Number of protein chains: 2
Amino acid sequence: MTKRLNQLVKKIDTSTEEKILAAAKKVFVRKGMSGARMQDIADEAGINKALLHYYFKNKEKLFEVIFVEAGNRLFPKINEIFNSDIPLFEKFEKFCDEYITMVMDNPYLPLFVLNEINQDPEMFLEKLWPNTAKPNPSKFLAQIEAEVKKGTIKKVSPMELLINLIINGCFPICC
Amino acid sequence: MTKRLNQLVKKIDTSTEEKILAAAKKVFVRKGMSGARMQDIADEAGINKALLHYYFKNKEKLFEVIFVEAGNRLFPKINEIFNSDIPLFEKFEKFCDEYITMVMDNPYLPLFVLNEINQDPEMFLEKLWPNTAKPNPSKFLAQIEAEVKKGTIKKVSPMELLINLIINGCFPICC
DNA sequence: ACTAATTTTGACTAAACGGTTAAACCAATT
DNA sequence: AATTGGTTTAACCGTTTAGTCAAAATTAGT
């Protein structure tokens, strides 16, 4: 009786791994790698600290999972959007819409990712970049060049424009 | 002989306090409060770790000095510029010029300050804000309203405009 | 109901870290 | 030369922290 109930509850309840990941995300994103404590994550997940090491080898591995997930959410389908065939200004709209929505749901995410990339740029290149669809800026660049020649926009560096979009999205509403 | 030489060297050499502050700035700005190690700062300054506590009571106090100094450099004379009587677009130019120059000299500063404010907003309000000339946005706001009515610029929130200027300055050249 | 495998825990360890202390050092004064 | 006061250091201390381990609890198969 209780067994069947437990099984049912187990299926309904979020699994331990999911609880850990949710807790780790919350703590890491808020405090950063060096500021986060394994004990805090365990408390947040409502489990024993040793269980963290049972599911994830060590702090670094657990952080890596969160960081990669956060990065893939922050730079979601930037390339998919900007490499696609839709007109440039529709790209801006689509990007801003999706991006700002995401930032509003995860306010601390951009600063977190930006900061951790700053702390350890190699990890970004090794762990995040390979998982992302590689950029093919040629199309995006060509579209910008075209608009510049038409005179619809001023001459800008495509990369700077992208960075501006990403950075400005960090503070869509606050203050 | 050596005594006189030492005296001379002592006067020529930067003082210990200056060496500590320079080292602390370098380490704190790079690694953040939680990531910085007192030993690293001591090593960077080329001194014993205990000497840090001789000049500054503890890590928190030393950090505070660096944070306040960094903040006062990052938000330098924003108010002085934006409260002044010069025309709006000259304000933009002056601000961008001074600000970007500063960021180029201290690339890690904006992200550092932004991040630490995020970690402990109260410290910002208690330690940094009081040392800054209070803002008087009314003039700035009025100027923007005027330009909007003239049609020279689109309708924007003055605060958002300021934030955009500050944030965009974080990545003036890189990438 | 019994057993084996999996999951979870409390207690523990070793290292890292912030901070303290007493002694050594050094220039200036007498 | 001895004394004094500010400066610097090596050694040390207590706490925190990531990580370990064996035992307990739970689950799943028979």
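Our subject is the structure listed above.
Predicted model only: the values in this text are computed from it and were never measured.

**Student:** Is there a simple way to explain the interface of chain B and chain A in this structure?
**Tutor:** By convention, interface size is frequently given as the accessible area that disappears when the constituent parts associate. Taken together, the 20 residues of chain B in the interface contact 20 residues of chain A. Interface area for chain B against chain A, summed over the two sides, is near 1800 Å², with a carbon-plus-sulfur share of 52%. Our enumeration of links across chain B and chain A arrives at zero salt bridges. The tally of links from chain B across to chain A stands at seven residue pairs in polar contact (both at pLDDT 80 or more). At the level of secondary structure, the elements contributing two or more residues to the side of chain B that touches chain A comprise α2 (16-35), α8 (109-119) and α11 (158-168) of chain B. Of all the elements, α11 of chain B adds the most residues to the side of chain B that touches chain A, at six residues. Its residues assigned to classes, the side of chain B that touches chain A comprises 10 nonpolar, seven polar and three charged.

**Student:** Looking at this structure, I do not really get the environment of N131 of chain B. What am I missing?
**Tutor:** Residue and element names in this part refer to chain B. Along the chain, the position of N131 falls in the loop between α9 (121-128) and α10 (137-150). In this structure the C-alpha to C-alpha distance between N131 and E69, which are 62 residues apart in sequence, comes to 10.0 Å. Setting aside residues up to four positions removed in sequence, N131 forms contacts with V68 and N72.

**Student:** What exactly am I supposed to notice about the protein's contact with DNA strand D here?
**Tutor:** Surrounding DNA strand D, one finds 18 residues, the nearest of these being K49 and K59 of chain A together with T16, N48 and Y55 of chain B. Restricting attention to atoms of DNA strand D within 4 Å of the protein, one finds that 58% of them are sugar or phosphate atoms. Within the side chain of T16 of chain B, one N or O atom sits 2.9 Å away from a phosphate oxygen of DNA strand D. A distance of 2.8 Å is found between a phosphate oxygen of DNA strand D and a side-chain nitrogen or oxygen belonging to Y55 of chain B. Listed by contribution, the elements that provide at least two residues to the surface near DNA strand D are α1 (2-12) and α4 (49-55) of chain A together with α4 (49-55) of chain B. The element contributing the most residues to the surface near DNA strand D is α4 of chain B, with four residues. For the surface near DNA strand D, the per-class residue count stands at eight nonpolar, six polar and four charged.

**Student:** What should I look at first to understand the packing of aromatic side chains in this one?
**Tutor:** Enumeration over the complete set of coordinates arrives at 12 aromatic pairs over all chains. Their ring planes at 10° and their centres at 5.1 Å tell us that F95 of chain A and Y99 of chain A sit as a pair that is stacked. Of the two residues, F95 of chain A and Y99 of chain A are both situated in helix α7 (residues 88-105); the distance of four residues between them amounts to about one turn of the helix. Centroid distance F28 of chain B to F63 of chain B: 5.1 Å. Interplanar angle 75°. Geometry classified as edge-to-face. On the criterion of sequence distance, the pair formed by F28 of chain B in helix α2 and F63 of chain B in helix α5 (residues 59-74) is long-range, its members being 35 residues apart. Residue class for F28 of chain B comes out buried when judged on its relative accessible area of 0%. Joined through ring pairs, the aromatic side chains of F28, F63, F67 and F112 of chain A make up one cluster.

**Student:** Explain a positive patch on the surface here, please?
**Tutor:** A grouping of R30, K31 and R37 of chain A together with R30, K31 and R37 of chain B is seen on the molecular surface, where their side chains present a positively charged patch. Residue assignment for the positive patch shows that the elements contributing at least two residues are α2 (16-35) of chain A together with α2 of chain B. For R30 of chain B, the location among the structural elements is in helix α2.

**Student:** For this particular structure, what's the right way to read the relation of the copies chain B and chain A?
**Tutor:** Two chain copies here: they are related by a rotation about an axis and a translation along the same axis. Note on the copies: chain B fits chain A at an RMSD of 0.1 Å, the axial shift is 0.0 Å, and the rotation between them is 180°. Considering both components of the superposition, the chain copies are consistent with a two-fold axis. Residue S34 of chain B of chain B places its C-alpha closer to the rotation axis than any other residue of that unit, at 3.0 Å. Mapped onto chain A, 100% of the interface residues of chain B again fall at the interface, so both copies present the same surface.

**Student:** Explain α2 of chain A to me, please; I cannot follow it from the model alone.
**Tutor:** In an α-helix, one turn spans 3.6 residues, which is why side chains three or four residues apart end up on the same side. The end-to-end C-alpha separation of α2 of chain A is 23 Å, well short of the 28 Å expected for 20 residues at 1.5 Å each. Maximal helix bending in α2 of chain A amounts to about 75°, located at V29 of chain A. Of the positions making up α2 of chain A, those classed as buried are T16, I20, A23, A24, V27, F28, V29, G32 and G35 of chain A. Contacts made by the buried residues of α2 of chain A are with α3 (38-45), α4, α5 (59-74) and α8 (109-119) of chain A together with α2 of chain B.

Analysis parameters
Residues numbered from 1 in each chain as written. Chains lettered and ligands numbered in written order. Predicted model: local features only at pLDDT ≥ 70, side-chain atom pairs only at ≥ 80, totals over all residues. Heavy atoms only, no water. Contact = heavy atoms within 4.5 Å. Buried area = accessible area lost by both parts, 1.4 Å probe. Salt bridge = Lys/Arg side-chain N within 4 Å of Asp/Glu carboxyl O. Polar contact = N/O pair within 3.5 Å; in protein donor to acceptor, adjacent residues only side chain to side chain. Helix = DSSP H or I, 4+ residues; strand = E, 2+ residues; numbered from the N terminus. Nonpolar A, V, L, I, M, F, W, Y, C, P; charged D, E, K, R; others polar. Near = heavy atom within 4 Å. Phe/Tyr/Trp six-rings, centres within 6.5 Å; stacked < 30°, edge-to-face > 60°. Buried < 20%, exposed > 50% of the residue type's maximum accessible area, 1.4 Å probe, protein only. Patch = residues over 30% accessible without salt bridge, like charges linked within 9 Å, V, L, I, M, F, W, Y side chains within 5 Å. Areas by Shrake-Rupley, 256 points an atom, 1.4 Å probe, with all protein chains shown as cover. Lys, Arg positive; Asp, Glu negative; His and termini not counted. Charge placed at Lys NZ, Arg CZ, Asp CG, Glu CD. Least-squares fit on C-alpha atoms with pLDDT ≥ 70 in both. Expected span 1.5 Å × (residues − 1). Bend = angle between axes of the 7 residues up to and from the residue.

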